[in-house]
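Remarks on the overall topology
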Amino acid sequence: MQKGFVGIDLGTSAVKLLLMDETGAVVKTVSKEYPLYFPEPGWSEQNPEDWYTQSMAGLKELIAGCEDKIRGISFGGQMHGLVVLDEKDQVIRPAILWNDGRTGAECVYLNETIGRDVISGETGNIAFAGFTAPKLLWMKKHEPSLFARIRKIMLPKDYLAYRLTGVHATDASDASGMLLFDVKNRKWSEKMCWLCGITEDQLATVYESYEVIGNVLPGIAEALGIQKDVRVIAGAGDNAAAAVGTGTVQNGDCNISLGTSGTIFIASDTFSVDPKNALHSFAHATGAYHLMGCMLSAASCNKWWMEDILRDEDMAGAQAEIGELGKNHIYYLPYLMGERSPHNDPEARAAFVGMRLDTTRGEMLQAVFEGVAFGLRDSLEVARSSGLDIKKTKICGGGAKSPLWRKIMANVMNLSVETIAAEEGPAMGGALLAAVGCGQWKSVEEAAAAVVKVTGTEEPDPELVKLYEERYQTFRKIYPALRSIYPEM
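Just so you know, these numbers come straight off a predicted model, no measurement behind them.

Some details on the overall build of the protein
Summing up its helical and strand segments, the protein has 16 helices and 24 strands in all. Compactness check: the protein gives a C-alpha radius of gyration of 21 Å against a globular reference of 23 Å for 489 residues, within 12% of the reference. C-alpha atoms of the protein, sized along the principal axes, occupy 65 × 55 × 45 Å. Scored against the burial criterion, the 489 residues of the protein give a buried share of 60%. Long-range pairs, those at least 24 residues apart, make up 72% of the contacts in the protein with a sequence separation of at least 6. Accessible surface for the protein amounts to roughly 18600 Å². Of this, 49% is attributable to carbon and sulfur atoms. Positive and negative charge centroids in the protein, built from 48 and 63 side chains respectively, lie 1 Å apart.

So, the nonpolar core
In this structure, Met20, Ile153, Leu180 and Ile198 are the most contacted members of the largest nonpolar core, which totals 68 residues. At eight residues, helix α14 (residues 425–437) tops the list of elements feeding residues into this core. For isoleucine 153, the residues in contact, after removing those within four places along its chain, are Leu82, Val83, Val84, Leu136, Met178, Ile198, Gln202, Leu203 and Ala204.

Notes on the state of the cysteines
A complete count under the given rule lists zero disulfides for this structure. In this structure cysteine 254 is not part of a disulfide, and its nearest cysteine sulfur, from cysteine 396, lies 11 Å away. Distance from the sulfur of cysteine 301, which forms no disulfide, to the nearest cysteine sulfur (cysteine 294) is 12 Å. Looking at cysteine 301, the relative accessible area reads 0%, which means it is buried.

Structural notes on the environment of alanine 129
Relative to the helices and strands, alanine 129 is located in the loop between α2 (104–123) and α3 (132–142). Separated by 242 residues in sequence, alanine 129 and glycine 371 place their C-alpha atoms 22 Å apart. Other than its neighbours up to four places away in sequence, alanine 129 contacts Asp100, Gly101, Thr103, Cys107, Lys135, Asn344 and Pro346.

Overview of the sheet that holds strand β24 (residues 454–458)
What the seven strands build is an open sheet, ordered β18-β19-β17-β16-β22-β23-β24; its pairing is mixed. The two strands at the open ends of the sheet, each matched to only one other strand, are β18 (280–283) and β24. Neighbour to neighbour, the strand axes of the sheet diverge by 30° on average, direction disregarded. Note: strand β22 (residues 392–396) against strand β23 (residues 416–420), three bridges, orientation parallel. Bridge pairing in β23 places lysine 394 opposite glutamate 418.

Considerations on the packing of aromatic side chains
Scanning the entire structure with this criterion turns up 17 aromatic pairs. A centroid spacing of 5.6 Å and a plane angle of 65° characterise the contact between phenylalanine 271 and tyrosine 289, whose relative ring orientation is edge-to-face. Of the two residues, phenylalanine 271 sits in the loop between β17 (262–268) and β18 while tyrosine 289 sits in strand β19 (residues 289–295), which places them 18 residues apart along the sequence. Exposure remark for phenylalanine 271: the relative accessible area of 23% places this residue in the partly exposed category. By relative accessible area, which is 13% here, tyrosine 289 ends up buried. Arranged with centres 6.0 Å apart and planes meeting at 40°, the rings of phenylalanine 374 and tyrosine 472 form a pair that is tilted. Of the two residues, phenylalanine 374 is situated in helix α12 (residues 361–385) and tyrosine 472 in helix α16 (residues 462–482); the sequence distance between them amounts to 98 residues.

Let's talk about α12
An α-helical segment advances 3.6 residues per turn. Residues three or four places apart therefore align on the same side. Spanning 25 residues, α12 covers 36 Å between terminal C-alpha atoms, matching the ideal 36 Å at 1.5 Å per step. Most of α12 sits out of view: 20 of its 25 residues are buried. Just downstream of α12 lies glycine 387, where phi reads positive at about 100°.

Calculation rules
- Residues numbered from 1 in each chain as written.
- Predicted model: local features only at pLDDT ≥ 70, side-chain atom pairs only at ≥ 80, totals over all residues.
- Heavy atoms only, no water.
- Helix = DSSP H or I, 4+ residues; strand = E, 2+ residues; numbered from the N terminus.
- Rg over C-alpha atoms; globule rule 2.2 N^0.38 Å.
- Buried < 20%, exposed > 50% of the residue type's maximum accessible area, 1.4 Å probe, protein only.
- Contact = heavy atoms within 4.5 Å.
- Areas by Shrake-Rupley, 256 points an atom, 1.4 Å probe, with all protein chains shown as cover.
- Lys, Arg positive; Asp, Glu negative; His and termini not counted.
- Charge placed at Lys NZ, Arg CZ, Asp CG, Glu CD.
- Core = buried A, V, L, I, M, F, W, Y, C linked by side-chain atoms within 4.5 Å.
- Disulfide = S-S within 2.5 Å.
- Pairing = 2+ DSSP bridges.
- Axes fitted to C-alpha atoms, helices over the stretch in contact; angles between N-to-C directions.
- Phe/Tyr/Trp six-rings, centres within 6.5 Å; stacked < 30°, edge-to-face > 60°.
- Expected span 1.5 Å × (residues − 1).

Dropping the structure here:
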């Protein structure tokens, strides 16, 4: 290895670090976990210091023995999290995360009192419970003394970049999810800042994902044993970074991510807004745009079912109990943390429907896999209704490692599902962005074309597609039937 580029995926449960050489080959990966806190029902928080300490520990392990080869570091990171700093750049309170549901009242205020047309006109999106702007309004109302101390508002990966460089920076893709950013024109929205009671100078400088924000601080260079001229590149929100890592960078390209959350990501050369605002209209890491549907619980549904309910870590054995596809009588709504796309309902909750005395454990697990696929199809149908004709998709995330889940996804979606050689999602995307920022490739598109290789395709089976079409039409009736009950629960 002559040159090394580091991608840091700052996830919800762990930071995943990847070292890539100048050819795009993955040299090494490291993962470090940190805790997640739920101080109240529906709340979700983390300590930003945990991100930093675990990332530094992971970096030391990742680059051991090749410290002098490192040229650039970049990021993919969990989006929407609110990190607030005081005048001394000290963290004021725990970060409020993307899957936190406390801001229902604030979202109603923005969407109904201010108006969806106004909010969408300013940002290209409407208020969802996980977005950053509603969290600021919540903090302003419930923690006014802390709100008054805010001098900088940051996103999770950008706080880590600040600790490495001393620079307050963000990128257009991550900023898109704050509801403070004019996505079409790639600048902060003066009106949204005013509505949230903040000023633009409290926000970070916006870069494109592949741009250099600075070099590592001397103390960081010394601690890691790397050169002082190692560049730090802005990076991207996790989904845009995953799209780079899977080569989803050309107009019309699609990627499905089965991580803690689940997303369907559609790249676009031009800015557009779904008329119902069921999909997010965000900036892409390429400098272009994308549409995205996001469900808050995807692979986390499987983790919850296996680990918390069944207390069984034998996933392969559990999947072996699953029988014939397309004929399961159980349905599962995957709304463990409420839901974002397309329902925008923080009060929605998960449910199994259709159990009988002869229902098996395998049928329950199958329902979990299918429910996540059906939930993602809800967003795909919104895209299709907008005129997008999608025939195939890449797939990434922990859930994508299951051949069975990939098969279910292909047939529920009626899409060819492609797997890639280096399925490292946002960490790979971060490394590619670092390489582009250091001049290894001229553009994100060129880097993806050179590195990302498709290794397999799961084609939909016409017979299974027909069976799943019937089941999907039943699935989509369940949430509306339960919606009025959720507030009472």
